[in-house]
Amino acid sequence: MNFLNLIRWKNLLLIALVQYLIKYTLFEPFLGTINLSVTLSFFGFTLLVLATLCLAAAGYIINDIYDIEIDKVNRPERVIVGKSISEKTANTLFITFNIIGVLIGFYLSNLVGKNGFFALFIIISALLYIYATYLKQMLLVGNFVISLLVALSLIIVGLFDLLPVITPENQETQITFFKIVLDYAVFAFVINFIREIVKDIEDIDGEYKAGFNTLPIALGRNRAVKVVFALSIMLLFGVVYYIITFLYSQLLVVAYFLTFIMAPLVYISIKSYTAETKKELRLISNLLKLVMLIGILSLALYQFVLLG
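This one's a predicted model, so the numbers in the text were calculated from it and none came from an experiment.

**Here's the deal with the overall build of the chain**
Okay, step 1: The helix and strand tally for the chain stands at 14 helices and zero strands.
Okay, step 2: From first element to last, N terminus to C terminus, the chain shows the α and β order α-α-α-α-α-α-α-α-α-α-α-α-α-α.
Okay, step 3: In terms of overall size, the chain behaves like a compact globule, its C-alpha atoms giving a radius of gyration of 20 Å where 308 residues would be expected to give roughly 19 Å.
Okay, step 4: Taking the principal axes of the C-alpha coordinates as reference, the chain spans close to 60 × 45 × 30 Å.
Okay, step 5: Taking the contacts inside the chain whose residues are at least 6 apart along the sequence as the reference set, 77% of them involve residues at least 24 apart.
Okay, step 6: When the accessible area of the chain is evaluated, it comes to approximately 14,600 Å², of which 67% is carbon and sulfur surface.
Okay, step 7: Computed over 22 positive and 19 negative side-chain charges, the separation of the two mean positions in the chain equals 5 Å.

**A look at the layout of surface pockets**
Okay, step 1: Approximately 420 Å³ is the volume attributed to the second largest pocket.
Okay, step 2: The wall of the second largest pocket is formed by 19 residues, among which Asp183, Val186, Phe187, Leu235 and Gly238 lie closest to the centre.
Okay, step 3: Elements that contribute at least two residues to the lining of the second largest pocket include exactly α8 (171-202), α11 (221-247) and α12 (251-274).
Okay, step 4: For the lining of the second largest pocket, a count of residues per class yields 16 nonpolar, two polar and one charged.

**Focus on the pattern of salt bridges**
Okay, step 1: One pass over the full model with this rule turns up eight salt bridges.
Okay, step 2: Between Asp161 and Lys23 there is a salt bridge, and its shortest N-O distance comes to 2.9 Å. Linking Asp161 in helix α7 (residues 141-161) with Lys23 in helix α2 (residues 9-27), this pair joins segments that are 138 residues apart in sequence. The burial state of Asp161 is the same as that of Lys23; both residues are buried.

**Re the nonpolar core**
Okay, step 1: Of all hydrophobic cores here, the largest spans 107 residues; its most connected members are Phe27 and Phe160.
Okay, step 2: It is α8 that contributes the most residues to this core, 15 residues altogether.
Okay, step 3: Beyond its immediate sequence surroundings of up to four residues, Phe27 is in contact with Ile22, Leu36, Val38, Val157, Gly158, Asp161, Leu162, Phe177 and Val181.

**Observations concerning a nonpolar patch on the surface**
Okay, step 1: A contiguous nonpolar surface patch, about 470 Å² in accessible area, is contributed by Tyr66, Tyr129, Ile130, Tyr134 and Met138.
Okay, step 2: Positionally, Tyr129 belongs in helix α6 (residues 118-133).

**Thoughts on the packing of α6 against α7**
Okay, step 1: Contact pair α6 / α7: the axes reach a minimum separation of 11 Å and the direction vectors enclose 160°. Comparing the axis directions of α6 and α7 gives the class roughly antiparallel. Remark: the crossing between α6 and α7 carries left-handed chirality. Residues Leu120, Phe121, Ile124, Leu127, Leu128 and Tyr131 of α6 lie in contact with α7, whose contacting residues are Gly142, Val145, Ile146, Leu149, Leu152, Ile156, Leu159 and Phe160.
Okay, step 2: By residue class, the composition of the contact of α6 with α7 is 13 nonpolar, one polar and no charged.

**A short note on the side chain of Lys23**
Okay, step 1: For Lys23, a relative accessible area of 0% gives the class buried.
Okay, step 2: For Lys23, the side chain forms a polar contact with the main-chain oxygen of Leu40, separated by 2.7 Å.
Okay, step 3: A polar atom in the side chain of Lys23 sits 2.9 Å from the side chain of Asp161.
Okay, step 4: Excluding residues within four positions of it along the chain, Lys23 makes contact with Glu28, Val38, Leu40, Phe45 and Asp161.

**Observations regarding the environment of Val240**
Okay, step 1: If you trace the backbone, Val240 turns up in helix α11.
Okay, step 2: Of the residues examined, Val240 reaches a relative accessible area of 31% and is grouped as partly exposed.

**Some thoughts on α7**
Okay, step 1: End to end, α7 covers 30 Å across 21 residues, agreeing with the expected 30 Å (1.5 Å per residue, within 8%).
Okay, step 2: Burial of α7 is extensive: 17 of the 21 residues sit out of reach of the surface.

**Thoughts on the packing of aromatic side chains**
Okay, step 1: Applying the stated criterion across every chain yields a total of 19 aromatic pairs.
Okay, step 2: Ring geometry for Tyr24 against Phe42: centres 6.5 Å apart, planes inclined by 50°, an arrangement best described as tilted. One end of the pair, Tyr24, is in helix α2; the other, Phe42, is in helix α3 (residues 42-66), and 18 residues separate them in sequence.
Okay, step 3: You can call Phe42 exposed: its relative accessible area is 56%.
Okay, step 4: One aromatic cluster is present, formed by Tyr20, Tyr24, Phe42 and Phe45 through successive ring pairs.
Okay, step 5: If you follow Lys23 out to its NZ or CZ, it ends over the ring of Tyr24, 5.9 Å from the centre.
Okay, step 6: Stacked on the ring of Tyr273, the Lys or Arg Lys226 has its end atom at 5.0 Å from the ring centre.

Rules used throughout
Residues numbered from 1 in each chain as written. Predicted model: local features only at pLDDT ≥ 70, side-chain atom pairs only at ≥ 80, totals over all residues. Heavy atoms only, no water. Helix = DSSP H or I, 4+ residues; strand = E, 2+ residues; numbered from the N terminus. Rg over C-alpha atoms; globule rule 2.2 N^0.38 Å. Contact = heavy atoms within 4.5 Å. Areas by Shrake-Rupley, 256 points an atom, 1.4 Å probe, with all protein chains shown as cover. Lys, Arg positive; Asp, Glu negative; His and termini not counted. Charge placed at Lys NZ, Arg CZ, Asp CG, Glu CD. 1 Å grid on protein atoms, 1.4 Å probe; cavity = no way out; pocket = protein on both sides within 12 Å on 5 of 7 lines; lining within 4 Å. Points joined across faces, edges and corners; volume = space filled by probe spheres on them. Nonpolar A, V, L, I, M, F, W, Y, C, P; charged D, E, K, R; others polar. Salt bridge = Lys/Arg side-chain N within 4 Å of Asp/Glu carboxyl O. Buried < 20%, exposed > 50% of the residue type's maximum accessible area, 1.4 Å probe, protein only. Core = buried A, V, L, I, M, F, W, Y, C linked by side-chain atoms within 4.5 Å. Patch = residues over 30% accessible without salt bridge, like charges linked within 9 Å, V, L, I, M, F, W, Y side chains within 5 Å. Axes fitted to C-alpha atoms, helices over the stretch in contact; angles between N-to-C directions. Parallel < 35°, antiparallel > 145°, perpendicular 65-115°, else oblique. Left-handed = near helix turned anticlockwise from the far one by under 90°. Polar contact = N/O pair within 3.5 Å; in protein donor to acceptor, adjacent residues only side chain to side chain. Expected span 1.5 Å × (residues − 1). Phe/Tyr/Trp six-rings, centres within 6.5 Å; stacked < 30°, edge-to-face > 60°. Lys NZ or Arg CZ within 6 Å of the ring centre and 35° of its normal.

This is how it looks when you write it as structure tokens:
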């Protein structure tokens, strides 16, 4: 169980779920219905998911290795490295997961005939290491990078499944579906960016002791909370714009967004304006993760949007 907690198995399941949703609720239902083509078989796609999960697991491990002292202050009960699992073992696991992820990425890039895609796995692996060792200490830079990597876990599905089989005949359809994936990637980026700031506010004591320069340390806790409020309001307006622009004609889809995405976001905005305790901040963080999941689940509704 300590190993599973070290690699954040719940987060890995969420990543896998999101990628399978894109493939099997957004892409596959339209094959043969409209002029859409995909590259990956079930085996190839499973390899893509496995490569993504290996690199993500490596990122969680290296983050825990470099956060030992911070976690002793903020979450002493959750410390795993140096307690349940030795630092040497953790480093070995980090290297192993990275090697597996990169090798699968190399094979997969050759499989789809896009050798250049291999560089993506190298970049992701390097960014996760640099984030844990250096970038997360910098004002908003670490928040931006980790949120970008979350968004990339969605975009990579479109890159590998749609782009290799673009032809002049299906170009418009392929780009349309890729844009949908990009829209959801932007949504995941913004949600995660806000959540990273919330976590920084929650962890301000340990990060201050470690010499970090996060937003709550630079601006103060109260101002950082107001930044979270402002960003949540911006996200609300963004979702409203998306509903009005793309979904307005589908009442079922609009009802889903209003009930399961808009309503929780309004609650998060209200709570973030007055949040003071760690318990309240943790609630906001968990709600943001839930909204991200519910938002991604709406991919299954695009059969009604595009064929309605």
